[in-house]
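# Chains, contacts and geometry: an overview
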Amino acid sequence: MEKAPLERMESVLEDRDRIGVPDAILLEDYLSETAFIDNLKKRYNENIIYTYIGHVLVSVNPYKDLGLYTDKLLEKYRNVNFYEVPPHVFAITENAYRSMTSEVTDHCILISGESGAGKTEASKQVLRFLAATSLHRREMDRVRDRLLQSNPLLEAFGNAKTNRNDNSSRFGKYMDIEFNFRGDPVGGHVLNYLLEKSRVVHQEKGERNFHVFYQLLAGAPDDLLKKLHLQRDPNQYHFLKQPENPDMPLSSFDQGQSCNVNSINDRVDFGAVDHALDTLEFKTEEQEAVWCVVAAILHIGNINFYGDDDGHAQIKNDEEVKHASSLFGCDSKALAKALTHRTIEARGERVTSPLTPDQAVYARDALAKSVYERVFNWLVNRLNMSLDSVEKGRKTLLGILDIYGFEIFNKNGFEQFCINYCNEKLQQVFIELTLKSEQEEYRKEGIEWEQISYFDNKIICDLVEEKHKGIISLLDEECLRPGEATDMTFLSKMNSHLSKHDHYFSYDTSSNNKVKKTINKDEFRLRHYAGDVAYRVQGFLDKNNDLLFRDLKEAMVQSSNMIVRVAFPKEELMGKKRPETAGTQFKNSLANLMVILMSKEPSYIRCIKPNDEKRSYCFDTERVGHQVKYLGLMENLRVRRAGFAYRRKYEIFLARYKSLCPATWPNYRGNPKDGVRAIVQHLNYHPDDYRLGETKLFIRLPKTLFYTEDKFQARKQELATMIQAKWKAVMYRRRYLKMREAVTNITKHWRRVKAQRECARRKWAVGIVRAFVKGFITRNEPVNPINARFQQLVKCEFLLRLAKVLPQNLLDTSWPVAPSSCKEASPVIYGLHRTYLARKYVKALTPEKRSMFEEKVLAEQLFKGKKSSYPETLPNWFVTSRLNTAEESLRKTAFEESIKMAGEKTKYSTPCTKYDRHGYKPRERLLILTSGALYLLEAKENKLKQKHRFSLKEIQGLHVSPNNDNLLLIQIPVENAKKDKSEGKDTNPKGDLILNVPNVTETVTKIITVSDNSEVLKIADTDCIGHTMKNGKQGTIMLDTGAMTVINKNKEGKLLVVAGPGQ
Ligand SMILES: Nc1ncnc2c1ncn2[C@@H]1O[C@H](COP(=O)(O)OP(=O)(O)OP(=O)(O)O)[C@@H](O)[C@H]1O
Ligand SMILES: [Mg+2]
């Protein structure tokens, strides 16, 4: 049930070994009570409390909340077919409601079972389901609330804690719910049966009075209690806790003593009753009147009596009488008198006689019972006024009967007799209606009628109710007849009238000794359809008479309490006719009920109590067995199974079992009946095992259905694999398609994004290119917004290019061609770069190198453009010595050590050729320049000989030719020659020195550097150079150019220097 609450009923058949069958008509051995109970037990152990017998719902009380009545489940059971869902009270109700609305017929749901079996709980769920059918319109909510609120009110006044049930209904209840043409509940009406009023004055040990007394004491506000002169403690009240009192035999029974019950919260329940009274729109004064009567009954219970000297009853506690009378609104003296006296009218005369204390207690209790019963009836009537529908027009009815089930105790009294009689009547209705409906179904379906044998309990009903002959008539007669009638005289009367009856037994009438032994002398036994029950006759007459002394009635009639006034009408006193006895009243009300029920389509809920301890998960097989018997469930089953065990609409059968026949699988398009025919023929059903009706298939034996079901289970495995494979394929394909779609989507979007980016890039590029082109076109214009960027670029590009090709040394003068926009900047940069290179170069120079450079610079100044051999000297550095190794070593030794003057430093040395001034004879000499003088030396035989020395200051001129020769004429003053002579070195002045120096520009530059006098250099600008010769004579040196360098004396005796074309 919990596992799959809404699976088709057939679907649980596969598990039938474990959880039993949902419908007992499917039991193989349907005659076996054991099999039936075993099925209930299996289900109960699996928390499945509901089982069908056809359309009868069997419910086993779980004594535990199984979550069976949630709103969700309630909604799920709405609008579904009876057999499509597991058995449930909602399913029964939905079925009744559906057929009521669709067929526009009245229906009723009969709920029976023994005390504590769950009738009231079931009836509440039925009512809940029906009340919830209303569409939520405001006035419907009002009706729904009222219908639902009738329960707490009736339960407060009509229910009590008993040893069998903490909330036992002590009255029978039939409630009609009225529906309008739309199917909305619009009103209701309650009928009540046989309230157990004796409970007001007496309860068995462990039991309580009606809930309302305790609720009032626990829940009423203090001011209300004060007004009612009540105290909170229930033990203060005799009817709630009867003190043991040997003086009062009637109250010397076991006490109730069970004011507090764990499962009951009286204070909270009072709130619920209060709320119900408001919802049902009881006026304030009506509510007050109700509480006054309840309180008055408690006060009445506390009135005690004692016997005076004459043995007449006197009231011990007047204040209780005062309280009671004030609450009733009657005269306290009149009430006191009525409680202690009895007036009898005989032949027109009224005789008042005092009562004994025992009689007074009896009268007191009778008053309490009577008042309570009448107040209860008033409440039901008032409730009916509240539930009365205001809607006019046609209405359909759905009745709920929550009435006591068959009762068998160790000692059974008048109440059990009435209750069991009631159950006989209900069984009668059941059999008649079930058979009728069975027959009706066969007729509708066009199936030949199969005779069903069953036990007709009419004979028992007649035994009880037949006019003049029945037990109730005999009892009435005994009550009415003059003379000493007692319970035992009533028994002998029955014995004499009923001894022949097959269902009546008593000690006296029984001829069988065995039977005799089992019956007491004060008992009679009836053989009910559900079993034998022995009744003790004690109290039958008294309870049937149900007398309230006239004096008390009169006192009550005077009451100003609005309820009591209505409950005890004046007319009652007027009528001379004796009121109907309790038995007859009950018989008549039952007859009435039967009329009501017979006019309606019935549904049944049979409640079973699984154990006596109110325990969950405890299934007492024996206990259940008794109830199965008393409820006549086996009889139910037999009647139902007399024909066919299983019947189902073709569509439903086809839908489930179509896979078993190739002709109907996977879909059958034709008429469902033909489809079902094809299935049953394919399965080889025996022709006797089934019938094809108009709309339904009828299967005679469960085993045929099970065979079909088992085949279906096997087939299901095959199908499951097939479906699984197909389903997987579908799922994977769906997944694949979904993925493919997703991929396309993603690609599409990605492509779009890419295209957008590309487009933007191109747009940007176009802009750039366009700007570039425009810039290019206008590149030569002055900078303007159009070409500014281009120009910038060109400059950038030029600079970048320049950076790569910058000359790395000073000699490299290459320089890229600058674009027009850099024309101005380029030379500046060039200059800067040259400066930078020069500066770098200069910075890297050593002092030696520097001086070498200075010499070179000096040489440039002296010779550039003036002497043809100068360019040749450019590539090479000037050196300090041009001597060979031998000459050099001589210089180092001889010259440095002996010839050189002290303080001088050698600056330059070179070999040279000296030409005599006269005759121009060439002589090889070494020329050495020091810081102070110029030496001309002769190297001969490894010796050095100074030929000339003159101070640098003395040099008057250094003559060279502009040509490519090495001629050097050193002009010395004549005095110098004399000085030479005086010094003894050369006495014969020879005039200027004519030399051929291999590196003449080098030599000259060195001399000028050391002498720091560039004035002395003279480069000839004619083709001859004059010179002073020996003895002051002037000579001329002729200069010329030729094919090769030659120096010699020409024919004129002059020195001819012919310069070659250079090296
Ligand atoms: N379907 C149910 N689920 C859970 N508990 C239940 C159910 N039916 C009954 N009971 C329990 O059993 C108790 C007795 O049930 P209920 O009052 O309906 O019995 P009853 O047949 O009306 O007895 P009585 O004839 O004494 O009125 C309830 O108070 C509740 O605790
Ligand atoms: Mg009940």
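Here's a quick rundown of the structure. (Residues numbered from 1 in each chain as written. Chains lettered and ligands numbered in written order. Predicted model: local features only at pLDDT ≥ 70, side-chain atom pairs only at ≥ 80, totals over all residues. Heavy atoms only, no water.)

So, on to the overall build of the chain. Each helix and strand in the chain was counted, giving 35 helices and 31 strands. Scaling as 2.2 N^0.38, a compact globule of 1063 residues should have a C-alpha radius of gyration of about 31 Å, whereas the chain reaches 73 Å, well beyond that. Summarising its shape, the C-alpha atoms of the chain cover approximately 220 × 85 × 60 Å along the three principal directions. Buried positions account for 50% of the 1063 residues belonging to the chain. For the chain, long-range pairs separated by at least 24 residues make up 65% of all intrachain contacts whose partners lie at least 6 apart in sequence. Of the roughly 52,400 Å² of accessible surface on the chain, 52% is carried by carbon and sulfur atoms. (Helix = DSSP H or I, 4+ residues; strand = E, 2+ residues; numbered from the N terminus. Rg over C-alpha atoms; globule rule 2.2 N^0.38 Å. Buried < 20%, exposed > 50% of the residue type's maximum accessible area, 1.4 Å probe, protein only. Contact = heavy atoms within 4.5 Å. Areas by Shrake-Rupley, 256 points an atom, 1.4 Å probe, with all protein chains shown as cover.)

Looking now at the site of ligand 1. In the vicinity of ligand 1 lie 17 residues, with S115, K119, T120, S168 and S169 positioned nearest. In this structure, an oxygen atom belonging to ligand 1 sits 2.9 Å away from a side-chain N or O atom of N165. A distance of 2.6 Å separates an oxygen atom of ligand 1 from a polar backbone atom of S169. Protein chains shield 84% of the accessible area of ligand 1, which is 630 Å² for the free molecule. Breaking the shell around ligand 1 down by element, the ones donating at least two residues are α5 (119–131) and β5 (168–169). Tallying contributions element by element places α5 first for the shell around ligand 1, with three residues. (Near = heavy atom within 4 Å. Polar contact = N/O pair within 3.5 Å; in protein donor to acceptor, adjacent residues only side chain to side chain.)

The subject of this paragraph is the nonpolar core. By size, the foremost hydrophobic cluster in this structure holds 208 residues, and its most contacted members are F36, F213, W291 and F524. Here this core takes 15 residues from helix α13 (residues 357–387), the largest share from any one element. Setting aside residues up to four positions removed in sequence, W291 forms contacts with V212, L216, L224, L228, F270, V273 and L277. Among the nonpolar cores identified, the runner-up in size contains 29 residues, and A859, V960, I970 and I1008 belong to it. (Core = buried A, V, L, I, M, F, W, Y, C linked by side-chain atoms within 4.5 Å.)

Moving on, we get to the coordination of the magnesium ion (ligand 2). Octahedral metals with six donors have ideal donor angles of 90 or 180 degrees. Tetrahedral metals with four donors have an ideal donor angle of 109.5 degrees. Note on the magnesium ion (ligand 2): its protein donors are T120 (OG1) and S169 (OG). The metal-donor distances range over 1.9 to 2.1 Å. Of the two residues, T120 sits in helix α5 while S169 sits in strand β5, which places them 49 residues apart along the sequence. Just as T120 is buried, S169 falls in that class too. (Donors = N, O, S within 2.8 Å, 3.2 Å for Na, K, Ca; no water.)

This next bit is on the pairing of strand β22 (residues 933–940). Remember that side chains alternate between the two faces of the sheet whenever the strand is regular. Extensive coverage of β22 is indicated by the burial of six of its eight residues. The pairing of strand β21 (residues 922–930) with β22 spans four bridges and is antiparallel. In the strand pairing of β22, L926 is matched with L937. Connecting β21 to the next strand, β22, in antiparallel fashion are two residues. With eight bridges connecting them, β22 and strand β23 (residues 943–951) associate as antiparallel partners. (Pairing = 2+ DSSP bridges.)

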